[in-house]
Amino acid sequence: MADVFPHLDYKPTMPRKLDRGIGLIGAGGIVNYAHLPAYRRAGFKVAAVTDRNLEAAEKTARDHGINKVHANVDDLLKDPQIEIVDIAVYPAAQAEIVEKAAAAGKHMLCQKPFADEFSKAVRNVELASQAKVKIAVNQQMRWDAGIRCARLLIDQGWLGAPFYATIQVHCKTDWSMWPWIYAGKHLEVMFHSIHYIDSLRYLLGDPNSVFTSGSRAPGETTTAETKTLTVWEYASGLQVLIDVCHSTWTDDPYAIFRLEGTEGVIKGTIGLMYNYPTGRPDTLEFMSKRNPGYWFSARLDTMWIPDAFVGPMASLMCAIEQNSEPETSGRDNLKTLQIVFAEYKSMAEKRAVRPEEITA
Ligand SMILES: NC(=O)c1ccc[n+]([C@@H]2O[C@H](COP(=O)([O-])OP(=O)(O)OC[C@H]3O[C@@H](n4cnc5c(N)ncnc54)[C@H](O)[C@@H]3O)[C@@H](O)[C@H]2O)c1
């Protein structure tokens, strides 16, 4: 059977112990509509929450049945019931919190982007290593059903040697959900395509070089990039195209991925991007040389939001249990960030950039 049907067990590996105390730092949008619904489904225990806006923390506690609100980050870090700190603040504020959490001996799940400067990310990884605490980064697209199934198909040999891959997303993004992002100098790659970068690394490994063109649609008031065209090159000849535009005004948005290899083709849709943050399930189809002429399609019944948000926390808990590295560890994320910053260097210098050019 194994060579006729693939095995697509795409749900996250769960830890044996589910009730490690989680302390939330930041009680904004993503925590309320993604982290907390996911943790409820998974049976994780959120012991406390804090936010520099205490009203936001109190409302989150009421809405999600969290027993304790701490007045500030320092108080939360002193709480012996907290074993894992789940940080979801702005990227510029994350490094200082990571430093304090490492000093307090707490494991951490950090939001993406892990840092707004590469050197801060490197320093935080070193601090955590010295403190013997684990850092995972919330690059949860790796657990989105379509992407995880694609990885399972690749691991089982259905794709063969990949020679072309693409993610193309043309949608209408409501930046009023994140006014602080729209006001910044980095936008599309730093806050959105970072998911595609991390997922493509997960599927295909690290590229030799990246070239990115960044721009804006007519009428955009931000000075940052809201649409990007990116090409990655690999030593093997594999080419990757990432094509993202957040300003589609038409009624036919699309969010697709496609991988072509010597043994098969995998293609699908990224359901979340058709109607963020509600979304719809991903789709996945593949065709194999072992069954020529047939397109298989998988029924995927989970959603990026909230289901994929179980993955990074579950992976962190498994790593604590087994004293291993979380799948999206801080150290692994340095490579994702190198590509993020290489893409910005490429936009600025109008040339292909190797990720190793980005150093601390
Ligand atoms: N993984 C994903 O798919 C995803 C999606 C959306 C946002 N995010 C990330 O999550 C983070 C939060 O985004 P959001 O949309 O929830 O933003 P938001 O503005 O809705 O919420 C951020 C919250 O953090 C609080 N905060 C900021 N600095 C703080 C500090 N130093 N100490 C305590 N609290 C602080 C703010 O008061 C606010 O309540 C960002 O880094 C963003 O990039 C990730």
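See above for the structure.
Computed from a predicted structure; not experimentally measured. Residue indices follow the written sequence of each chain, beginning from 1 at its first position. Per-residue local features of the predicted model are confined to residues with pLDDT of at least 70, and side-chain atom pairs are confined, for both listing and counting, to 80 or more; whole-chain, interface and lining totals are unaffected and use all residues. Excluded from the side-chain calculation are hydrogens and water; included are all heavy atoms of the structure.

Participant: Even after reading the chapter, I still don't get the side chain of D198, so can you show me in this structure?
Facilitator: Numbering of helices and strands starts at the N terminus; helices are DSSP runs of H or I of at least 4 residues and strands are runs of E of at least 2. Looking at the secondary structure, you find D198 in helix α8 (residues 188–204). Residue contacts are defined here by distance: any two heavy atoms, one from each residue, within 4.5 Å place the two residues in contact. When neighbours within four sequence positions are excluded, D198 is seen to be in contact with Q139, R142, T328, D332, N333 and T336.

Participant: So what exactly am I meant to see when it comes to the pattern of salt bridges here?
Facilitator: Pairing between side chains of opposite charge can happen when their charged atoms approach one another. Definition used for salt bridges: Asp or Glu carboxyl oxygen within 4 Å of a side-chain nitrogen of Lys or Arg. If you walk through the whole model with that rule in mind, you get 22 salt bridges. Its salt-bridge partner being E327, residue R148 comes within 2.7 Å of it at the nearest N-O pair. In this pair, R148 sits in helix α6 (residues 145–155) while E327 sits in the loop between α9 (310–322) and α10 (330–349), placing the two residues 179 residues apart along the sequence. Classification of E327 by relative accessible area gives partly exposed; the value is 32%. A salt bridge links R258 to E260; the shortest N-O distance between them is 2.7 Å. Relative accessible area decides the class of each residue, using a 1.4 Å probe on protein chains only: under 20% of the type maximum gives buried, over 50% gives exposed, and in between gives partly exposed.

Participant: In this structure, what is going on with the sheet that holds strand β6 (residues 135–137)? I would like to understand it.
Facilitator: What holds strands together in a sheet is hydrogen bonding between their backbones, with the strands either parallel or antiparallel. The sheet built from 6 strands is open, its strands ordered β3-β2-β1-β4-β5-β6 with parallel pairing. Among the strands making up the open sheet, the edge pair consists of β3 (68–69) and β6. Here, strands pair whenever DSSP counts at least two bridges between them.

Participant: Whenever I open this one, the state of the cysteines confuses me. Can you help?
Facilitator: A disulfide bridge is the covalent bond that connects two cysteines by way of their sulfur atoms. Disulfides are defined as cysteine sulfur pairs within 2.5 Å. Per the stated rule, a full pass over the model turns up 0 disulfides. The thiol of C149 is unpaired, and the distance to the nearest cysteine sulfur, on C318, comes to 19 Å.

Participant: When you look at the sheet that holds strand β10 (residues 239–245) in this model, what are you seeing that I'm missing?
Facilitator: Pairing is mixed across the open sheet formed by 8 strands, whose spatial order is β8-β9-β10-β7-β11-β12-β13-β14. For this open sheet the edge positions go to β8 (209–215) and β14 (296–298), each flanked by a neighbour on one side alone. Mean inter-strand twist for the sheet, computed between neighbouring axes without regard to direction, equals 10°. As defined by bridge partners, strand β9 (residues 227–233) adjoins β10 across 7 bridges and the pair is classed as antiparallel. Residue L229 lies in a different strand from β10, and its bridge partner there is D243. Lying on the sheet, α6 is in contact with β11 (254–261), β12 (264–269) and β13 (283–288); it crosses β13 at an angle near 20°. In this analysis, axes come from line fits to C-alpha atoms, helices being fitted only over the stretch in contact, and the angle between any two N-to-C directions falls in the range 0 to 180 degrees. Against the sheet, α8 engages β7 (162–170), β9, β10 and β11, with an angle of about 155° to β10.

Participant: Sorry if this is basic, but what is going on with helix α2 (residues 54–64) here?
Facilitator: Note that an α-helix has 3.6 residues per turn; residues three or four places apart therefore point the same way. The complete set of buried residues in α2 reads A57, T60, A61 and H64. One side of α2 holds all its buried residues, which, seen down the axis, span an arc of 100°. Those residues of α2 that are exposed and aimed more than 90 degrees away from the buried face are E55 and R62. Those residues of α2 that are buried are in contact with α1 (29–42), β2 (45–50) and β3. This arc is taken over the directions from the axis of the helix to the C-beta atoms.

Participant: Please explain helix α5 (residues 118–131) as it appears in this structure.
Facilitator: Every helix has an expected span of 1.5 Å times one less than the residues it contains. Taking 1.5 Å as the rise per residue, α5 with 14 residues should run 20 Å; its terminal C-alpha atoms sit 20 Å apart, in good agreement. Where α5 is concerned, the buried positions are F118, A121, V122, N124, V125, L127 and A128. In the core, the buried residues of α5 are packed alongside α4 (91–103), β6 and α10. The positive-phi residue at the C-terminal boundary of α5 is K132, with phi of around 60°.

Participant: How should the side chain of Q111 be read in this particular structure?
Facilitator: Position of Q111 relative to the elements: it lies in the loop between β5 (107–110) and α5. On the accessibility criterion, Q111 (8% relative accessible area) is buried. At 2.8 Å, the side chain of Q111 and the side chain of H35 are in polar contact. Apart from the residues lying within four places of it in its own chain, the contact partners of Q111 are I30, H35, I87, A88, Q94, V137, N138 and F309. As used in this structure description, the phrase polar contact means that two N or O atoms lie within 3.5 Å; if the pair is within protein, one of them must be able to donate a hydrogen and the other to accept it, and residues adjacent in sequence are counted only when both atoms belong to side chains.

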